[in-house]
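Understanding the architecture of this molecule
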Amino acid sequence: MFRKEYAESGVHSVAVLPLIVAEKAVGILVLYAGEKEFFHEEELKLLTGLVDDVAFAIDHIDKRERLDYLSYHDALTGLANRKLFLDRVTQYMRSAVSGGHKLAMFLVDLERFKNINDSLGRPAGDALLRQVAEWLTLNTGDANVVARIGADHFATVLPEIKQGGDGARLLEKMIRDFMDHPFRLNDAVFRIAVKVGVAVFPEDGADADALFRNAEAALKKAKASGERYLFYTQKMTEAVAGKLTLENQLRQALDNHEFVLHYQPKVNLASGRLTGAEALIRWNDPRTGLVPPGRFIPILEETGLIHEVGRWALHQAIADYLRWHAAGLPAVRIAVNVSPLQLRHRGFIDEIGRVIAIDEHAAAGLELEITESLIMEDVKHNIASLQAIRAMGITIAIDDFGTGFSSLSYLAKLPVDTLKIDRSFVIDMTAGPQGLALVSTIIKLAHSLKLNVVAEGVETEEQRRLLHLLDCDEMQGFLFSKPLPGEIFEAEFLVPPMPRIQKGSDG
Ligand code: C2E
Ligand code: MG
Ligand code: MG
C-alpha cells in the first residue's frame with residue numbers, strides 16, 4: 001500500500017509482528033530495513049522471540065498492577081481495604097499532629113447482614129455491599145476516607161474534628177440518614193441498621209493500628225449494648241456513667257411503681273369495632289414526666305431488669321383485663337410486647353403459665369407481641385416456645401413485620417395468629433405504587449397463611465381507606481386513638497355507650 005512512499009524514503013523490507021498478550025493483539029511491532037529481502041527465517045525467528053519477550057513483560061506488568069490494586073482495594077466495592085485505609089489514616093494522623101486537631105475513626109457494622117445474604121441470596125448481599133459503599137462515599141464526599149474492612153464491616157475516618165461534641169453530632173446524623181436510606185434489593189426496599197464503634201486520635205491510640213483496635217473494641221461493646229454507637233473512651237465512659245445513674249433510677253422506678261401501661265385500641269377496618277388493645281409501657285419519672293419506652297427499654301435489656309419489668313407488664317395487663325372482665329365490660333384481648341431476652345429466658349414459659357394461672361379467664365385476655373427479627377434469630381427454638389405458649393390459649397402476634405427479613409419457609413411454619421405490618425410500610429404506602437403493592441402483598445401473604453393482619457401507625461384517612469380496600473383486617477394508630485392511660489381507655493372504649501366504636505356498624 002505504502003510501497004511507493006517506502007521506496008522513496010529508502011525502505012526496502014518491512015516486518016510486521018503482532019504483540020499478543022492474553023490471547024489478544026495489544027499492538028504491533030514494525031521493523032524497516034534499507035536492504036531488499038532483509039528479513040529471512042533466521043531474523044524472523046529472533047524477532048518473534050523478542051516480541052514474545054515484550055508481550056510477556058507487558059502481561060507481567062498488567063498482572064502486577066492488578067495485583068497491586070487488589071492488595072490495596074476491595075474487589076467487590078472498589079473501596080480501599082484495611083491495609084490502604086490504615087496507611088491513609090497514618091497520613092491523616094500526621095496532618096492532625098501538625099495542625100493541632102483531632103481525628104476520629106469509625107467502624108461500621110451492618111446489622112443482620114447475614115440474614116439478608118441467607119434469605120435474599122449472595123448476589124443481593126453483594127449488591128447491598130456495593131450500595132453501602134456508594135452511600136458512604138457519597139455522604140462523606142471523599143472515597144479516600146472510606147474502606148471495606150470485613151464482610152459486612154466498613155470504616156471511615158474523619159480527618160479533622162472540632163471541639164465539643166462535633167463528631168458525635170455528625171455521626172448521629174449520618175446514622176439517622178443511613179437508616180432512613182431506602183436500599184433496593186431484588187426490586188424491594190430495605191432499611192438497614194448499623195452499629196458504630198469510634199476511636200479518637202490522639203487519646204485512643206498513638207498509631208493507626210492501635211486506633212483501629214480500640215475502635216473495634218468500641219464496636220463490639222456497641223453491638224452488645226442497646227446503643228447505636230459507642231466511643232472508645234471519654235464519651236464512652238460518659239455514656240456508661242450516664243447509664244449507671246439511669247440504671248439506678250430504673251431500679252427505683254420499679255420499686256416505687258413508677259411504670260405505667262397505656263393502652264392503644266385496635267379496630268376492625270370493615271366494622272369499626274374494637275378488637276383489642278396493645279399495652280405500651282411508659283415510665284412516669286417524677287422529675288421529668290412520662291418517658292417513652294424507646295429511651296429505657298434498651299437499658300432494661302442491657303441490665304437484665306427487663307425480666308422484672310416485663311413480668312410486671314404481663315401482670316398489670318392481665319390484672320386490668322380481669323378487672324374489666326369482672327365488671328362485665330366488653331373486655332378485649334390485651335397485647336403485651338415481649339423483649340427478645342424474655343423469650344430466650346429458660347423460665348419464660350413457666351412464668352407465663354403462672355401469670356395465667358391467676359384466673360381461668362386470663363389466657364383469653366392475653367396476646368404476646370414478638371418482633372419479627374427476634375423470632376427469626378433462633379427460629380427452631382422459638383417455634384417450640386411459641387407452640388407451648390399458644391397451647392395455653394394465648395395468641396401470638398409478629399410485631400414490626402417487614403423489617404426482619406423473614407424466611408418465607410419459616411413464616412409458614414410459625415405458630416402465630418397475627419401479623420402486624422410495620423408503620424414504615426404504612427407510611428410508604430401512599431408514597432407510590434410500589435409502596436402500595438408491598439402492603440397489598442404482605443396482606444395477601446398473611447391471609448394465605450391464615451393470619452390476621454393489623455396495620456400499625458395508621459395516621460390518615462387515606463391510609464385507612466387504602467388498607468380497607470386492600471382487605472387488611474385491623475388497624476392501630478393515631479387516626480383512631482393514641483395510647484391512653486387505663487382509666488381513659490376504659491371510659492372511652494369499654495364503657496357503653498361507645499359512640500366511636502359503633503361508627504360504621506348499625507347495632
Ligand atoms: P411497638 O410494639 O411497635 O408499638 C407501636 C409504637 O408505635 C408505640 O410506640 C406507639 O405509641 C406507636 N404508634 C402507634 N400508633 C402510631 C401512629 O399512628 N403514629 C406514630 N408515629 N406512632 C404510633 P411506643 O409506645 O413509644 O413504643 C415503642 C416500642 O417500645 C414498641 O413498639 C415496643 O417495641 C416497645 N415497648 C413498648 N412497651 C413495651 C413493653 O412493655 N415491653 C417491651 N419489651 N417493649 C415494649
Ligand atoms: Mg408492639
Ligand atoms: Mg410495632
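Just above, that's the structure.
These remarks concern the structure in this document.

About the thresholds
- Residues numbered from 1 in each chain as written.
- Chains lettered and ligands numbered in written order.
- Predicted model: local features only at pLDDT ≥ 70, side-chain atom pairs only at ≥ 80, totals over all residues.
- Heavy atoms only, no water.
- Donors = N, O, S within 2.8 Å, 3.2 Å for Na, K, Ca; no water.
- Helix = DSSP H or I, 4+ residues; strand = E, 2+ residues; numbered from the N terminus.
- Buried < 20%, exposed > 50% of the residue type's maximum accessible area, 1.4 Å probe, protein only.
- Near = heavy atom within 4 Å.
- Nonpolar A, V, L, I, M, F, W, Y, C, P; charged D, E, K, R; others polar.
- Phe/Tyr/Trp six-rings, centres within 6.5 Å; stacked < 30°, edge-to-face > 60°.
- Lys NZ or Arg CZ within 6 Å of the ring centre and 35° of its normal.
- Patch = residues over 30% accessible without salt bridge, like charges linked within 9 Å, V, L, I, M, F, W, Y side chains within 5 Å.
- Areas by Shrake-Rupley, 256 points an atom, 1.4 Å probe, with all protein chains shown as cover.
- Salt bridge = Lys/Arg side-chain N within 4 Å of Asp/Glu carboxyl O.
- Axes fitted to C-alpha atoms, helices over the stretch in contact; angles between N-to-C directions.
- Parallel < 35°, antiparallel > 145°, perpendicular 65-115°, else oblique.
- Left-handed = near helix turned anticlockwise from the far one by under 90°.
- Contact = heavy atoms within 4.5 Å.
- Pairing = 2+ DSSP bridges.
- 1 Å grid on protein atoms, 1.4 Å probe; cavity = no way out; pocket = protein on both sides within 12 Å on 5 of 7 lines; lining within 4 Å.
- Points joined across faces, edges and corners; volume = space filled by probe spheres on them.

1. Comments concerning the coordination of the magnesium ion (ligand 3)
- Coordination of the magnesium ion (ligand 3) by the protein is provided by Asp-399 (OD), Asp-400 (OD), Glu-456 (OE) and Glu-456 (OE), with metal-donor distances spanning 2.0 to 2.5 Å.
- A gap of 4.1 Å separates the magnesium ion (ligand 3) and the magnesium ion (ligand 2), which Asp-399 links by coordinating each metal. On the criterion of sequence distance, the pair formed by Asp-400 in strand S15 (residues 395-401) and Glu-456 in the loop between strand S17 (452-455) and helix H18 (461-469) is long-range, its members being 56 residues apart.
- Under the relative-accessibility criterion, Asp-400 is labelled partly exposed at 24%.
- The exposure class of Glu-456 is buried, given its relative accessible area of 11%.

2. Thoughts on the site of ligand 1
- The local shell around ligand 1 holds 20 residues, among which Arg-282, Asn-337, Asp-399, Glu-459 and Phe-478 are the closest.
- Sorting the residues of the shell around ligand 1 by element identifies strand S11 (274-285), helix H9 (293-303) and S15 as the ones contributing at least two each.
- With 4 residues, the single largest contributor to the shell around ligand 1 is S11.
- Within the shell around ligand 1, the residues separate by chemical class into 7 nonpolar, 5 polar and 8 charged.

3. Observations concerning the packing of aromatic side chains
- This model, assessed by the stated rule, comprises 12 aromatic pairs.
- Ring centres of Phe-38 and Phe-39 lie 5.1 Å apart, and the angle between their planes is 90°; this geometry places the pair in the edge-to-face category.
- Using a relative accessible area of 31% as the deciding quantity, one classes Phe-38 as partly exposed.
- Residue class for Phe-39 comes out buried when judged on its relative accessible area of 18%.
- Following the ring pairs from residue to residue traces out a cluster consisting of Tyr-263, Trp-324, Phe-480, Phe-489 and Phe-493.
- Note that Lys-83 overlies the ring of Tyr-72, its terminal NZ or CZ placed 5.0 Å from the centroid.
- Just above the ring of Phe-478 sits the side chain of Lys-482; from NZ or CZ to the centre is 4.7 Å.

4. Brief notes about the coordination of the magnesium ion (ligand 2)
- Around the magnesium ion (ligand 2), the donor atoms from the protein are Glu-278 (OE), Asn-337 (OD1), Glu-369 (OE) and Asp-399 (OD), and they sit 2.0 to 2.2 Å away.
- For the magnesium ion (ligand 2), all donor residues lie on one chain, and their spacing in sequence is E-x58-N-x31-E-x29-D.

5. Side note on a nonpolar patch on the surface
- A cluster of nonpolar side chains, namely Val-14, Val-16, Ile-28, Val-30 and Tyr-32, defines an oily patch on the protein surface of about 440 Å² accessible area.
- Put simply, the parts of the chain that give the nonpolar patch at least two residues each are strand S1 (13-21) and strand S2 (24-33).
- Among the elements that take part in the nonpolar patch, S2 stands out by supplying 3 residues, more than any other.
- Residue placement: Ile-28 occurs in strand S2.
- Residue Ile-28 is classed as exposed on the basis of its relative accessible area, which comes to 55%.

6. What to know about the packing of helix H10 (residues 306-326) against helix H12 (residues 348-356)
- Two elements in contact, H10 and H12, have axes whose closest approach is 10 Å; the angle formed by their N-to-C orientations is 25°. Relative to H12, the element H10 is oriented roughly parallel. The two elements H10 and H12 cross, and the hand of that crossing is right-handed. Residue-level inspection shows Arg-311, Leu-314, His-315 and Ile-318 of H10 in contact with H12, the latter providing Phe-348, Glu-351, Ile-352, Val-355 and Ile-356.
- A per-class count over the contact of H10 with H12 returns 6 nonpolar, 1 polar and 2 charged.

7. Thoughts on the sheet that holds strand S9 (residues 229-231)
- The strand order S4-S5-S3-S8-S9 describes an open sheet built from 5 strands, whose pairing is mixed. Pairing within the sheet leaves two strands with one partner each, and these edge strands are strand S4 (146-150) and S9. With direction set aside, neighbouring strand axes in the sheet form an average angle of 25°.
- Strand direction decides the pairing type here: strand S3 (residues 102-110) and strand S8 (residues 194-201), joined by 8 bridges, are antiparallel.

8. Here we look at the pairing of S15
- With 6 of 7 residues buried, S15 is to be regarded as a mostly interior element.
- Sheet topology places strand S14 (residues 366-371) next to S15; 5 bridges connect them, and they run parallel. If you follow Glu-367 over to S15, its bridge partner there is Thr-395.
- Bridge count for S15 against strand S16 (residues 418-421) is 3 bridges, and the pairing is parallel. Residue Ala-397 lies in a different strand from S16, and its bridge partner there is Thr-418.

9. So, empty space enclosed by the protein
- Per the counting criterion, the structure on display carries 1 cavity of 30 Å³ or more.
- Estimates place the volume of the largest cavity at around 40 Å³.
- In terms of residue class, the lining of the largest cavity is made up of 1 nonpolar, 3 polar and 1 charged.

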